[in-house]
Amino acid sequence: MQKKILAPLFMTGLILVGVTGCQKESPEQPKQQQEEQVQSTEASEEVADTQESSSSVSTCSLCETEKVCGIYTSEGEEYVVCYDCSNEFTTAFAEVADKQTCSACEEEKICGVYTVGGKEYVVCPDDYEEFAHGMQLDK
């Protein structure tokens, strides 16, 4: 009779140990998922930092402020010009500035060349705000 009672108790004990063992592993899974999410967030932030640092942040030739600037050319000379000063530049150099086809509106205008993420974009002052918003430069 004792053997009949011990066998079910032994089996129940094994089952409880197996269940308890599985429960101990469960809290680690959320920790691992949290660590993966943190790593994913950090990677996203690094991409954003890289994109911002590789965008055309430099000192504007006109206002001498460090901003996201484009490179405008006129008579073989390159000028670093921010969006705020681009209308002043295009007015002053209207006759001699190089015209290019804008990446956004596809019209031939006086445009700046903006480098974002290692890729160059030709953008005219009229389309800069849309471009900046799309490239997340307007933070």
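Keep in mind it's a predicted model, so treat the numbers as computed, not measured.

Caption draft 1: Local environment of the overall build of the protein chain. For the protein chain, the count of helices and strands is four helices and seven strands. Counted from the first residue to the last, the protein chain has its helices and strands arranged as α-α-β-β-β-α-β-β-β-β-α. Within the span of the protein chain, comprising 139 residues, buried residues form 25% of the whole. Here the contacts in the protein chain between residues at least 6 apart in sequence split such that 29% fall between residues at least 24 apart. Carbon and sulfur atoms provide 51% of the accessible area of the protein chain, an area that totals close to 10,000 Å².

Caption draft 2: Structural context of the nonpolar core. In terms of nonpolar packing, the biggest core is built from 19 residues, with Tyr114, Tyr128, Phe131 and Leu137 touching the most fellow members. Counting only elements with at least two residues in this core, the list comes to strand 2 (66–74), strand 3 (77–82), helix 3 (83–92), strand 6 (112–116), strand 7 (119–123) and helix 4 (128–134). Discounting residues that sit within four places of it in the chain, Phe131 has contacts with Tyr114, Val116, Tyr121, Val123 and Leu137. Counting residues in each nonpolar core, the second largest holds five residues, with Cys102, Cys111, Val113 and Val122 among its members.

Caption draft 3: Molecular detail of the pairing of strand 7. Bridge count between strand 6 and strand 7: five bridges; the pairing is antiparallel. Paired with Tyr114 across the two strands is Tyr121, which belongs to strand 7. Between the antiparallel neighbours strand 6 and strand 7 lie two residues, among them Gly117 with a positive phi of about 60 degrees.

Caption draft 4: Spotlight on the packing of aromatic side chains. Scanning all chains against the criterion turns up nine aromatic pairs. Ring centres of Tyr72 and Phe89 lie 5.1 Å apart, and the angle between their planes is 50 degrees; on these two criteria the pair is classed as tilted. In this pair, Tyr72 is assigned in strand 2 and Phe89 in helix 3, connecting sequence segments 17 residues apart. On the accessibility criterion, Tyr72 (0% relative accessible area) is buried. Aromatic side chains Tyr114 and Tyr128 sit 5.2 Å apart centroid to centroid with 40 degrees between the ring planes, which places their arrangement in the tilted category. Linking Tyr114 in strand 6 with Tyr128 in helix 4, this pair joins segments that are 14 residues apart in sequence. Aromatic ring contacts, followed pair by pair, group Tyr83, Tyr114, Tyr121, Tyr128 and Phe131 into a single cluster.

Caption draft 5: The arrangement of the environment of Pro125 in detail. Considering the arrangement of structural elements, one finds Pro125 in the loop between strand 7 and helix 4. The buried category is assigned to Pro125, whose relative accessible area is 11%. On a C-alpha basis, the gap between Pro125 and Asp84 in space is 8.9 Å, while along the polypeptide they are 41 residues apart. Setting aside residues up to four positions removed in sequence, Pro125 forms contacts with Tyr72, Tyr83, Ser86, Asn87, Thr90 and Ile110.

Caption draft 6: The arrangement of the pattern of salt bridges in detail. One pass over the structure, following the stated rule, counts three salt bridges. Across the salt bridge formed by Glu107 and Lys109, the nearest N and O atoms sit 3.9 Å from each other. Taken together, the shared-partner salt bridges in this structure form one network comprising Glu107, Lys109 and Asp126.

Caption draft 7: Layout of the environment of Glu108. Along the chain, Glu108 falls in strand 5 (residues 108–110). Glu108 gets classed as exposed once you look at its relative accessible area, which sits at 57%. Once the C-alpha coordinates of Glu108 and Asp98 are considered, the two residues, ten residues apart in sequence, prove to be 9.7 Å apart. Once residues within four sequence positions are removed from consideration, Glu108 is found in contact with Lys99, Gln100 and Thr101.

Rules used in this analysis
Residues numbered from 1 in each chain as written. Predicted model: local features only at pLDDT ≥ 70, side-chain atom pairs only at ≥ 80, totals over all residues. Heavy atoms only, no water. Helix = DSSP H or I, 4+ residues; strand = E, 2+ residues; numbered from the N terminus. Buried < 20%, exposed > 50% of the residue type's maximum accessible area, 1.4 Å probe, protein only. Contact = heavy atoms within 4.5 Å. Areas by Shrake-Rupley, 256 points an atom, 1.4 Å probe, with all protein chains shown as cover. Core = buried A, V, L, I, M, F, W, Y, C linked by side-chain atoms within 4.5 Å. Pairing = 2+ DSSP bridges. Phe/Tyr/Trp six-rings, centres within 6.5 Å; stacked < 30°, edge-to-face > 60°. Salt bridge = Lys/Arg side-chain N within 4 Å of Asp/Glu carboxyl O.

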